[in-house]
Amino acid sequence: MQKHERTSAAMANTSSLVIEQLTLKRQQQVLLSLNETIAGGDILTVMGPSGSGKSTLLNWLTGMLPKGFSASGDIYLNEKKITDIASHQRQIGLLYQDPLLFPHLTVAGNISFAMPAEAKAQRKATISQALSQVGLAGLEQRCPQSLSGGQQARVALLRVLLSQPKAILLDEPFSKLDSQLRQETRQLVFEQIRQHKLPAIMVTHDQSDADAAQGKIISLFSVD
Ligand code: ADP
Ligand code: MG
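In the annotation of an unreviewed UniProt entry, the protein is listed under the name ATP-binding cassette domain-containing protein and assigned to Shewanella metallivivens.

Time to look at unusual backbone geometry. In this model, glutamine 27 sits at a positive phi of 50°, which is unusual for a non-glycine residue. Residue position: glutamine 27 is located in the loop between strand E1 (16-26) and strand E2 (29-39). The phi dihedral of glutamate 172 falls on the positive side, at around 50°, and the residue is not glycine. Its location among the elements puts glutamate 172 in the loop between strand E7 (167-171) and helix H6 (179-195). Of the residues examined, glutamate 172 reaches a relative accessible area of 13% and is grouped as buried.

This next bit is on the side chain of serine 52. In this structure, serine 52 sits in the loop between strand E3 (43-47) and helix H2 (54-62). Here proline 49 takes part through its backbone oxygen, which lies 2.7 Å from a polar atom of the side chain of serine 52. Residues contacting serine 52, with those up to four places away along its chain left out, are Leu31, Leu32, Leu220, Phe221 and Ser222.

Taken together, the neighbourhood of ligand 1 is formed by Arg26, Pro49, Ser50, Gly51, Ser52, Gly53, Lys54, Ser55, Thr56, Pro66 and Phe69. Between an oxygen atom of ligand 1 and a main-chain N or O atom of serine 52, the distance comes to 3.3 Å. Top element by residues in the shell around ligand 1 is H2. It accounts for three residues.

Counted according to the given criterion, the structure contains six salt bridges. Ionic pairing is found between lysine 216 and glutamate 36, a salt bridge with its closest N-O pair at 3.1 Å. Of this pair, lysine 216 sits in the loop between helix H7 (207-213) and strand E9 (217-219) while glutamate 36 is found in strand E2, placing the two residues 180 residues apart along the sequence. Here glutamate 36 falls in the buried class, since its relative accessible area comes to 8%. The partner of aspartate 98 in a salt bridge is lysine 176, with the nearest N and O atoms 2.7 Å apart. With a gap of 78 residues between them, aspartate 98 in the loop between strand E6 (92-96) and helix H3 (107-113) and lysine 176 in the loop between E7 and H6 connect regions that are remote in the sequence. Given a relative accessible area of 32%, aspartate 98 falls into the partly exposed group. Each of the salt bridges in this network shares a partner with another, and the network as a whole consists of Arg182, Arg186, Asp206 and Asp209.

Attention now moves to H2. Burial of H2 is extensive: seven of the nine residues sit out of reach of the surface. Restricting attention to buried positions, one finds in H2 the residues Lys54, Thr56, Leu57, Leu58, Trp60, Leu61 and Thr62. Directly after H2, the chain includes glycine 63, whose backbone phi takes a positive value near 80°.

So, about the sheet that holds E1. As summarised here, the arrangement of the four strands in space is E2-E1-E4-E5, forming an open sheet in which the pairing is antiparallel. Each end of this open sheet is capped by a strand with a single partner; those strands are E2 and strand E5 (80-81). By the bridge criterion, nine bridges tie E1 to E2 in an arrangement that is antiparallel. Looking at E2, one finds that threonine 23 is bridged to serine 33. Along the sheet face, H2 touches E1, E2 and strand E4 (69-77) and points at about 120° away from the line of E1.

Tracing the backbone through its elements, the reader meets lysine 81 in strand E5. Residue classification places lysine 81 among the partly exposed residues on the basis of a relative accessible area of 42%. Measuring from C-alpha to C-alpha, the distance between lysine 81 and leucine 17 comes to 9.9 Å, with 64 residues separating the pair along the chain. Setting aside residues no more than four positions away along its own chain, lysine 81 makes contact with Asp74, Ile75 and Tyr76.

Cut-off values and rules
Residues numbered from 1 in each chain as written. Chains lettered and ligands numbered in written order. Predicted model: local features only at pLDDT ≥ 70, side-chain atom pairs only at ≥ 80, totals over all residues. Heavy atoms only, no water. Helix = DSSP H or I, 4+ residues; strand = E, 2+ residues; numbered from the N terminus. Buried < 20%, exposed > 50% of the residue type's maximum accessible area, 1.4 Å probe, protein only. Polar contact = N/O pair within 3.5 Å; in protein donor to acceptor, adjacent residues only side chain to side chain. Contact = heavy atoms within 4.5 Å. Near = heavy atom within 4 Å. Salt bridge = Lys/Arg side-chain N within 4 Å of Asp/Glu carboxyl O. Pairing = 2+ DSSP bridges. Axes fitted to C-alpha atoms, helices over the stretch in contact; angles between N-to-C directions.

Rendered as structure tokens:
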């Protein structure tokens, strides 16, 4: 019942991520100013040289701005203001270049760890179905180290998606994968973002990532 309700809400496609009047500063120096609205299923690409503030922008969105930085402006997720709520309550999923899987947990354990509470049997079925959707059928009990880089990337993706985020942030997510694998993984990630109608922000140095995202591209400038 609960699951059905969540599915219907996701299908309504009213989701959006809004960055309103953001000014990010490091000490007293302005790093960046931004106003953006990202609709569900759209991917905003953020490019710019090292040190231009890309990761800081993502840190602000997740509520983890390091000491020494300050920000004014607001974040709205599905029309709810989340600027001042705790990181873990924001329901923003993060995908990094490293899969960051727990080595002491199985594939299923890694995914299950991030999932909202739900009956164990149901959870098991959800994980198995998701694994087969990304070409990893039957790998539930494997340990992460026994998987290839591409397989680990897919497990990390499922872990984020099954945590049921309302938006997703990608920080150089494909940069450790070789070209063929990069293309395949990228396609799978973008497909899932569109299917789940999640607003997404992707930080990348790679023009082919930006092209494949088919969304707006913004470039930050070095302030040094
Ligand atoms: P990017 O991700 O675009 O490479 P960052 O957002 O990591 O850039 O960094 C923006 C600026 O803030 C840089 O000048 C960087 O040196 C500085 N910076 C990054 N993280 C920290 C931190 N934890 N403490 C102090 N300064 C930082
Ligand atoms: Mg960075």
